[in-house]
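Fold and geometry: a report
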Amino acid sequence: MNHWVKKLALGIVLPGMLVLGGCGASKSGGSASGSGKSGIQQRTIKAGIGLNEDHPEGQGMIKFKELVEKKSGGKMKVQNFFSATLGDDQKMTEALQGGLQEVTVPSTSPLVGMIKEYGIFDFPFVFNTEEEAYAVLDGKVGQELLKKLPEHNLIGLGYWENGFRNLTNSKHPVKTAEDFKGLKIRTMQNEVHLDAFKKLGANPSPMAFSEVFTALEGKTVDGQENPLATIKSSKYDEVQSYLSMTKHVYTPFVFLVSKKFWDGLSEEEQKIMKDSAVEAGKYQRDLNRKENEKALKDLEKAGMKVNEVSDAEKEKMKEIIKPVTDKYAKKFGEDLVNQMMDEVDKARNQ
Ligand code: KDG
């Protein structure tokens, strides 16, 4: 039963269901009470990401640092670490849970082992535009998922943008659903991606982001899939010949703070962290979209053979993968999936 029939059956058609926010400006799920302390203390905030400093996410972290230090009069200092120097997404997320690191901003995909519902953002071909993704992430669905983080000793302050993922490989252009057959493709450590690429006849190999370049260079995998800004800033054009504009998944980043650290902050310090994450998030989203356009030109100039994928072929891929998304919709909650699709429809038909 498709989501429209379900919605009518359940009679859940409430206008204005969308809870608008910046990128997580609404409730972060953090403890509003804070430590009860007032004022701003001298603090050092260790913030690590997997991507390089020149990637829009790295630039977003620099903006976050500027904002926190300005808003706190220099008392709260942010130390940024790029290119997985503090470890991969999993390791940095665990460091936050243990109170050994204060901030990281991973994709939602590697978090699905902890919060399975984040897997809905790994369903292929859900969003056509970034605006549709923002409507879901900054609306009820995205904000509700942030509230699942505190029980895992994490606070989510909002969503930044990784973006629409495209396929690169060293074998041949991928123009049709058929063309995936036999390709060894690195995927994120995420069951939806794994099953979806298997269904397309590819041979998926899950690994941490920090291992991808070496795997491509050593030809242990034929290809990988990531947004254009990541493909460029990770220099995949040096080890990949073909770029196929599949735009098969939109991946969000989630701005994570250690709950151990968060609970020790005063309300004023919590507000500085949240306002800075939201403001830097808006800046990062805009920069990411500009960089994606520039990255496509740069990757072509660097010699990558770029091909578009027709809507008809994308429909075919979606059809082939449907048994996978049906299976995971049951696992993640069909009501949640229907809510996401309702918000997409609303944004699409605005
Ligand atoms: O730390 C960087 C990763 O969170 C991000 O790039 C995830 O898209 C991702 C990938 O392919 O691992």
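Residues numbered from 1 in each chain as written. Predicted model: local features only at pLDDT ≥ 70, side-chain atom pairs only at ≥ 80, totals over all residues. Heavy atoms only, no water.

Overview of the site of the ligand
Taken together, the neighbourhood of the ligand is formed by Gly50, Leu51, Asp89, Pro106, Ser107, Asn162, Arg165, Arg186, Met188, Phe209, Asn226 and Phe253. Within the backbone of Gly50, an N or O atom sits 3.2 Å from an oxygen atom of the ligand. Measuring from an oxygen atom of the ligand, one finds a side-chain N or O atom of Arg165 at 2.9 Å. Surface burial for the ligand is 98%, taken as the share of its 320 Å² of free accessible area covered by protein chains. Within the shell around the ligand, the residues separate by chemical class into 5 nonpolar, 4 polar and 3 charged. (Near = heavy atom within 4 Å. Polar contact = N/O pair within 3.5 Å; in protein donor to acceptor, adjacent residues only side chain to side chain. Areas by Shrake-Rupley, 256 points an atom, 1.4 Å probe, with all protein chains shown as cover. Nonpolar A, V, L, I, M, F, W, Y, C, P; charged D, E, K, R; others polar.)

Quick look at the pairing of strand β4 (residues 154-164)
Consecutive side chains along a regular strand alternate between the two faces of the sheet. Burial runs high along β4: 11 of the 11 residues are buried. As paired elements, β4 and strand β10 (residues 250-258) share 8 bridges and run antiparallel to each other. Paired with Trp160 across the two strands is Phe253, which belongs to β10. (Buried < 20%, exposed > 50% of the residue type's maximum accessible area, 1.4 Å probe, protein only. Helix = DSSP H or I, 4+ residues; strand = E, 2+ residues; numbered from the N terminus. Pairing = 2+ DSSP bridges.)

Overview of the sheet that holds strand β1 (residues 43-48)
Spatially, 5 strands are ordered β2-β1-β3-β10-β4 in an open sheet, and the strand pairing comes out mixed. Strands at the two margins of the open sheet, each flanked by one partner only, are β2 (76-81) and β4. Two strands pair when backbone bridges link them, and β1 and β2 are joined in this way by 6 bridges, in the parallel orientation. Bridge assignment links Arg43 to a residue of β2, and that residue is Met76.

Here we look at the packing of aromatic side chains
Under the counting rule described, the total for this entry stands at 9 aromatic pairs. Arranged with centres 5.3 Å apart and planes meeting at 50°, the rings of Trp160 and Phe255 form a pair that is tilted. One end of the pair, Trp160, is in strand β4; the other, Phe255, is in strand β10, and 95 residues separate them in sequence. Residue Trp160 is classed as buried on the basis of its relative accessible area of 0%. On the basis of relative accessibility, which here comes to 0%, the residue Phe255 falls in the buried class. (Phe/Tyr/Trp six-rings, centres within 6.5 Å; stacked < 30°, edge-to-face > 60°.)

What about the nonpolar core?
Core analysis: the largest hydrophobic core is formed by 48 residues, its most contacted members being Tyr118, Ile120, Phe121, Phe127, Phe180 and Met340. Sorting the residues of this core by element identifies α4 (130-137), α5 (140-146), β4, α6 (191-199), β10, α11 (311-332) and α12 (334-348) as the ones contributing at least two each. Top contributing element to this core by residue count: α11, with 6 residues. Taken domain by domain, this core gets at least three of its residues from each of domain 1 (42-162 + 252-293) and domain 2 (166-249 + 303-348). Other than its neighbours up to four places away in sequence, Phe180 contacts Leu167, Val174, Ile185, Phe197, Leu200, Gly201, Ala202, Thr246 and Met317. Counting 27 residues, the second-largest nonpolar core is a separate cluster that includes Ile45, Met76, Val78 and Trp262. (Core = buried A, V, L, I, M, F, W, Y, C linked by side-chain atoms within 4.5 Å. Domains from an automatic or database assignment. Contact = heavy atoms within 4.5 Å.)

Some words on unusual backbone geometry
Despite not being glycine, Ser83 shows a phi value in the positive range, around 55°. Among the secondary structure elements, Ser83 is positioned in the loop between β2 and α3 (89-97). A residue is classified by how much of its surface remains accessible, and Ser83, at 38% relative accessible area, is partly exposed. Look at Lys247: it is not a glycine, yet its phi comes out positive at around 45°.

Considerations on the confidence of the model for the protein chain
On average, residues of the protein chain score 92 in pLDDT, and 90% of them reach the 70 mark or higher. Across residues 1-32, where pLDDT falls below 50, the model places 70 contacts with residues more than four positions away in sequence or in other chains. (pLDDT = per-residue confidence, 0-100.)

Describing the packing of α4 against α12
Closest axis-to-axis distance for the α4/α12 pair is 9 Å, and the angle between their directions is 135°. In terms of axis orientation, α4 runs oblique to α12. Helix-helix and strand crossings are classified by hand; for α4 and α12 the assignment is right-handed. Listed contacts from α12 to Glu132, Ala135 and Val136 of α4 are Met340, Glu343, Val344, Ala347 and Arg348. Its residues placed into classes, the contact of α4 with α12 shows 5 nonpolar, no polar and 3 charged. (Axes fitted to C-alpha atoms, helices over the stretch in contact; angles between N-to-C directions. Parallel < 35°, antiparallel > 145°, perpendicular 65-115°, else oblique. Left-handed = near helix turned anticlockwise from the far one by under 90°.)

Details of the pattern of salt bridges
For the structure on display, the rule yields 25 salt bridges. The salt bridge involving Asp138 is made with Arg285; its shortest N-O contact spans 2.8 Å. Of this pair, Asp138 sits in the loop between α4 and α5 while Arg285 sits in helix α10 (residues 267-301); the two residues are 147 residues apart in sequence, bridging distant segments of the chain. Here Asp138 and Arg285 have matching classes, each one buried. Residues joined by salt bridges that share partners form a network here, namely Lys232, Glu291, Lys294, Asp298 and Lys301. (Salt bridge = Lys/Arg side-chain N within 4 Å of Asp/Glu carboxyl O.)

Describing the environment of Leu157
With respect to the helices, strands and loops of the structure, Leu157 is situated in strand β4. Once the C-alpha coordinates of Leu157 and Val278 are considered, the two residues, 121 residues apart in sequence, prove to be 7.3 Å apart.

Re α4
With 7 of 8 residues buried, α4 lies mostly within the body of the structure. Here the buried face of α4 lies against α5, β4, β10, α10 and α12.

Quick notes on the pairing of strand β6 (residues 184-187)
In terms of strand pairing, β6 meets strand β7 (residues 203-206) through 4 bridges, oriented parallel. In the sheet register, Lys184 faces β7, and the bridge partner there is Asn203. You can see the chain leave β6, run along α6 and come back into β7, and the turn it takes is right-handed. (Right-handed = clockwise from strand over helix to strand, strands pointing away.)

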